[in-house]
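# Close look at the chain arrangement
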Amino acid sequence: MTKLFTTYRVLAFVVGILLLVGTVDAILKYGFSDGSAPQQLGEDLDIIWMFHGWIYIIYVVVAFVLTQRARWSLPQFLLMMVAGLIPGLIFWVEKRVADQLRAEQPELVES
C-alpha cells in the first residue's frame, strides 16, 4: 500500500474509534444525574474530544490529498468529511473508499 492510502486508513480508524468513545462520553456526561459515577466518568473522558478534533483535522488534509490524487469529485470528498462526524459511518466510508480506489486507481493502493 502507498503511504498516503495507509495513512488515510489508519486515520479513519482512529477518528472513528475516538468518535465512538466521545459519543459514549457524552451519553455518560449528560445522560446521568450530576455527581453520579457514570456522569463523573463522562466528565473525565472529555479530553477525548480534543484528540478527536486534532486528529480529524489531519484526517481532513490527508483525505483531501487522496481525493485530489484520485481525481474524485467534491461530493466524494464531502462524504469522507461527514463520515468523521457521524459515529460509526467512517468505518463504512473507509471500506467504500478502499474498494473504489482498488478498482479505479490501483497505483494509489499498491506500492
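Residues numbered from 1 in each chain as written. Predicted model: local features only at pLDDT ≥ 70, side-chain atom pairs only at ≥ 80, totals over all residues. Heavy atoms only, no water.

## Topic: the packing of aromatic side chains
Inspection of every chain in the model, using the stated rule, returns four aromatic pairs. For the pair Tyr 8 and Tyr 59, a centre-to-centre distance of 5.7 Å together with 25° between the ring planes defines the contact as stacked. Of this pair, Tyr 8 sits in helix 1 (residues 3-31) while Tyr 59 sits in helix 3 (residues 47-70), and the two are 51 residues apart along the sequence. Tyr 59 matches Tyr 8 in its accessibility class, with the two residues each being buried. Ring centres 5.5 Å apart and planes at 75° place the aromatic pair Phe 64 and Phe 77 in the edge-to-face group. Of the two residues, Phe 64 is situated in helix 3 and Phe 77 in helix 4 (residues 74-83); the sequence distance between them amounts to 13 residues. The exposure class of Phe 77 is buried, given its relative accessible area of 14%. An aromatic cluster is present here, built from Tyr 8, Tyr 56 and Tyr 59 joined pairwise through their rings. (Phe/Tyr/Trp six-rings, centres within 6.5 Å; stacked < 30°, edge-to-face > 60°. Helix = DSSP H or I, 4+ residues; strand = E, 2+ residues; numbered from the N terminus. Buried < 20%, exposed > 50% of the residue type's maximum accessible area, 1.4 Å probe, protein only.)

## Comments concerning a nonpolar patch on the surface
A cluster of nonpolar side chains, namely Ile 47, Met 50, Phe 51, Trp 54, Ile 57, Val 61, Phe 64 and Val 65, defines an oily patch on the protein surface of about 780 Å² accessible area. With respect to the helices and strands, the residue Val 65 is situated in helix 3. (Patch = residues over 30% accessible without salt bridge, like charges linked within 9 Å, V, L, I, M, F, W, Y side chains within 5 Å. Areas by Shrake-Rupley, 256 points an atom, 1.4 Å probe, with all protein chains shown as cover. Salt bridge = Lys/Arg side-chain N within 4 Å of Asp/Glu carboxyl O.)

## Topic: the packing of helix 4 against helix 5 (residues 89-104)
Axis separation between helix 4 and helix 5 bottoms out at 8 Å; the angle between their running directions is 150°. For the element pair helix 4 and helix 5, the recorded crossing hand is left-handed. Two secondary-structure elements touch here, helix 4 through Gln 76, Leu 79, Met 80, Val 82 and Ala 83 and helix 5 through Leu 89, Ile 90, Val 93, Arg 96, Val 97 and Gln 100. Its residues assigned to classes, the contact of helix 4 with helix 5 shows eight nonpolar, two polar and one charged. (Axes fitted to C-alpha atoms, helices over the stretch in contact; angles between N-to-C directions. Left-handed = near helix turned anticlockwise from the far one by under 90°. Contact = heavy atoms within 4.5 Å. Nonpolar A, V, L, I, M, F, W, Y, C, P; charged D, E, K, R; others polar.)

## Focus: unusual backbone geometry
Of note in this structure, Arg 71 is not a glycine but carries a positive phi near 60°. With respect to the helices, strands and loops of the structure, Arg 71 is situated in the loop between helix 3 and helix 4.

## A closer look at the nonpolar core
If you look at the biggest cluster of nonpolar residues, it comprises 24 residues, and the most contacted ones within it are Tyr 8, Tyr 59, Leu 66, Met 80, Met 81, Val 97 and Leu 101. Broken down by secondary-structure element, the contributors of at least two residues to this core are helix 1, helix 3, helix 4, helix 5 and helix 6 (106-109). In contact with Val 97, other than residues within four places in its own chain, are Tyr 8, Leu 66, Trp 72, Gln 76 and Met 80. (Core = buried A, V, L, I, M, F, W, Y, C linked by side-chain atoms within 4.5 Å.)

## Digging into the pattern of salt bridges
A full pass over the atoms with the stated rule returns four salt bridges. In this structure, the salt-bridge partner of Asp 99 is Arg 102, at a minimum N-O distance of 3.8 Å. In this pair, Asp 99 and Arg 102 are both assigned in helix 5, three residues apart and thus about one turn of the helix distant. Members of the salt-bridge network, linked through shared partners, are Lys 95, Asp 99 and Arg 102.

## Focus: the packing of helix 3 against helix 4
It is the contact of helix 3 with helix 4, at a shortest axis distance of 10 Å, that shows an interaxial angle of 160°. One element, helix 3, and the other, helix 4, form an angle in the roughly antiparallel class. Note that helix 3 runs across helix 4; the crossing there is right-handed. The segment helix 3 lies against helix 4, with Tyr 56, Tyr 59, Val 60, Ala 63, Phe 64, Leu 66 and Thr 67 engaging Phe 77, Met 80 and Met 81. Here the contact of helix 3 with helix 4 is built from residues that sort into nine nonpolar, one polar and no charged. (Parallel < 35°, antiparallel > 145°, perpendicular 65-115°, else oblique.)

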